[in-house]
Every structure is written in structure tokens, then in C-alpha cells.
Amino acid sequence: MAHTTIKVESTVRDRLATLAAEKGTTIAQLVSDFAAHTPTAEERAERTARTLAVLSEMSGYIPSPEQDRAADAELARRLGDIA
């Protein structure tokens, strides 16, 4: 496997080192895991489309754009309450 170098500020490198150490892994593995498990915008859109298709098929429910925005706002609010 070929390796490459990613340039980041030293504070970012130090934080990545701390996070990796806490997980018992390396920075390289931490970054690799992040890349492997974080969906792209296209992948998220595909998941959303599949979910909406199943929702529609199973219940007949098709949320409007306004309902989508309201649900997104409520989720953001709830996640903000957690953080």
C-alpha cells in the first residue's frame, strides 16, 4: 500500500495524536477509519433517497420539503442540547 503525507498545523497533529493514543491506534489508522466511515454528500443523499422510498412504500408517507426542513431543524436543536 502506498503512503502519502498530509500537511496540517501542528496543533491539529497534536490533537490527532492525542485522539489516536486514547483509542490505542495511530494517526494514520484514525484518519483511515474516519475516511472509511464518514459518508460523502452523495452517499448521504443516496441513503436519504432509499430511506424515503422505504418510508413511502411501507406507510405511504412522503414528507414535504417544509416537513424535511422542520425535521432537520428539530434534529439540530436536539443535537445542540446534547453537545
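Residues numbered from 1 in each chain as written. Predicted model: local features only at pLDDT ≥ 70, side-chain atom pairs only at ≥ 80, totals over all residues. Heavy atoms only, no water.

J.: Describe the confidence of the model for the protein chain, and please don't skip the residues or the numbers.
T.: Here the protein chain averages 93 in pLDDT, while 99% of its residues score no lower than 70. Across the protein chain, element-level confidence peaks in helix α1 (residues 10-23) with a mean pLDDT of 97 and bottoms out in helix α4 (residues 65-82) with 90. (pLDDT = per-residue confidence, 0-100. Helix = DSSP H or I, 4+ residues; strand = E, 2+ residues; numbered from the N terminus.)

J.: Break down the pattern of salt bridges for me, citing the residues and quoting the values.
T.: Taken as a whole and assessed by the stated rule, the structure comprises 3 salt bridges. D14 is the salt-bridge partner of R13, the closest N and O atoms lying 2.8 Å from each other. Judged by its relative accessible area of 39%, D14 falls in the partly exposed class. One salt bridge in this structure joins E74 and R77, with 2.7 Å as the shortest N-O distance. Taken as a pair, E74 and R77 lie in helix α4 at a separation of 3 residues, close to a single helical turn. Here E74 falls in the partly exposed class, since its relative accessible area comes to 28%. (Salt bridge = Lys/Arg side-chain N within 4 Å of Asp/Glu carboxyl O. Buried < 20%, exposed > 50% of the residue type's maximum accessible area, 1.4 Å probe, protein only.)

J.: Go over a nonpolar patch on the surface with me, naming the residues and quoting the values.
T.: On the surface, I6, V8, V12, I27 and V31 cluster together into a nonpolar patch covering about 370 Å² of accessible area. Structurally, V12 is set in helix α1. In this structure V12 comes out as partly exposed when scored by relative accessible area, which is 35%. (Patch = residues over 30% accessible without salt bridge, like charges linked within 9 Å, V, L, I, M, F, W, Y side chains within 5 Å. Areas by Shrake-Rupley, 256 points an atom, 1.4 Å probe, with all protein chains shown as cover.)

J.: Report on the environment of T26, specifying residues and quantitative values.
T.: Position of T26 among the secondary structure elements: in the loop between α1 and α2 (27-37). Judged by its relative accessible area of 45%, T26 is partly exposed. Sequence-wise, T26 and L16 are 10 residues apart; in three dimensions their C-alpha atoms are separated by 8.7 Å. Of note is the side chain of T26, whose polar atom sits 3.0 Å from the backbone nitrogen of Q29. (Polar contact = N/O pair within 3.5 Å; in protein donor to acceptor, adjacent residues only side chain to side chain.)

J.: Report on the environment of G24, specifying residues and quantitative values.
T.: The topology assignment puts G24 in the loop between α1 and α2. Sequence separation between G24 and T51 is 27 residues, and the spatial gap between their C-alpha atoms is 35 Å.

J.: Can you tell me about helix α3 (residues 41-59), naming the residues and giving the values?
T.: For α3, spanning 19 residues, the distance from its first C-alpha to its last is 26 Å, which sits close to the expected 27 Å at 1.5 Å a residue. G60 occupies a position one or two residues after α3 and carries a positive phi of about 80 degrees. (Expected span 1.5 Å × (residues − 1).)

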